[in-house]
Amino acid sequence: MSEPFEKFLADETVTQTFGATLAAVCGDTALLYFYGDLGAGKTTLIRGFLRGLGYAGRVKSPTYTLVEPYEVGARKIFHFDLYRLQDSRELEFFGWQDYFIPQAVCLVEWPQNGGELLPCPDVSCYIMTSSTGRQIRLEACSPHGHDILERLALARPELHEK
């Protein structure tokens, strides 16, 4: 597998720009997991991801609805926030399997709350806050994830600078 990709994100604007760059290299199908404390910037990164695809509407964290669907052209994107799950079996109540379909991009915040029911992601994104911004670490978890990280490096070589 590829080496982890790490980058310092100084502020919200840089975080959203990075999200847009990530969207540009993911293709029409991907499963990305986002880890980080409350307020770390997971939703901000996902907002940038959606903006990078051309979505101009409101992007909010689906904390209460668990999933927010988006369509950009023919592309389907599903944004999950599993923070409020008490038990991974709660995923069965809203038919989570119906969202993890070919030709969809699934962005999952708090995937650890989904337990072993969730499939293995293509990329795991870890966001840590610091006093001066955020540090992001992306790890490939599948061959497609490896390709995503390779395209990310080729799309913006300066992103490798920490």
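Throughout, residues of each chain are indexed from 1 in the direction in which the sequence is written. A pLDDT threshold of at least 70 governs which residues receive local features in this predicted model, and a stricter bar of 80 or more applies before side-chain atom pairs are shown or counted, although totals over entire chains, interfaces and linings include all residues. The side-chain numbers reported here are obtained from all heavy atoms of the structure, hydrogens and water having been left aside.

Help me understand the pairing of strand β6 (residues 123-130) in this model?
The two faces of the sheet receive side chains in turn, since in a regular strand these alternate between them. Relative to β6, strand β2 (residues 30-35) is paired through four bridges, and the arrangement is parallel. The residue bridging Leu32 from the neighbouring strand is Val123, located in β6. Any two strands with at least two DSSP bridges between them are considered paired. Labels follow the DSSP assignment, with helices taken as runs of H or I lasting at least four residues and strands as runs of E lasting at least two, numbered in each case from the N terminus. In this structure, β6 lies alongside strand β7 (residues 133-140), joined through eight bridges in antiparallel fashion. Residue pairing across strands places Cys125 opposite Leu138, the latter belonging to β7.

Is there a simple way to explain the packing of aromatic side chains in this structure?
Aromatic rings in a pair are described by how distant their centres are and how their planes are angled relative to each other. Aromatic rings from Phe, Tyr and Trp, taking only the six-membered ring of Trp, are treated as a pair when their centres fall within 6.5 Å; an angle between ring planes under 30 degrees marks them as stacked, one over 60 as edge-to-face, and anything in between as tilted. Applying the stated criterion across every chain yields a total of seven aromatic pairs. Where Tyr35 meets Tyr126, the ring centres are 4.8 Å apart and the plane angle is 10°; that geometry is what we call stacked. With Tyr35 in strand β2 and Tyr126 in strand β6, this pair connects stretches of sequence that are 91 residues apart. Only protein chains enter the accessibility calculation, which uses a 1.4 Å probe. A residue is then buried if its area is under 20% of the maximum for its type, exposed if over 50%, and partly exposed in between. Its relative accessible area of 21% is what places Tyr35 among the partly exposed residues.

When you look at the layout of surface pockets in this model, what are you seeing that I'm missing?
Any space left empty among the atoms is revealed by the rolling of a water-sized probe across them. Lining residues are defined by having an atom within 4 Å of a point belonging to a cavity or pocket. Those points lie on a 1 Å grid over the protein atoms alone, cavities being sets where a 1.4 Å probe fits but cannot get out and pockets being open sets with protein on both sides within 12 Å along at least five of seven lines. Grid points are joined across faces, edges and corners, and a volume is the space filled by probe spheres set on the points. By volume, the largest pocket is sized at about 170 Å³. Taken together, 14 residues form the lining of the largest pocket, with Leu38, Gly39, Lys42, Thr43 and Glu109 sitting closest to its centre. Tallying contributions element by element places helix α2 (residues 42-52) first for the lining of the largest pocket, with four residues. The residue makeup of the lining of the largest pocket, split by class, is four nonpolar, six polar and four charged. Only Asp, Glu, Lys and Arg are considered charged in this grouping, and only Ala, Val, Leu, Ile, Met, Phe, Trp, Tyr, Cys and Pro are considered nonpolar; every other residue, Gly among them, is considered polar.

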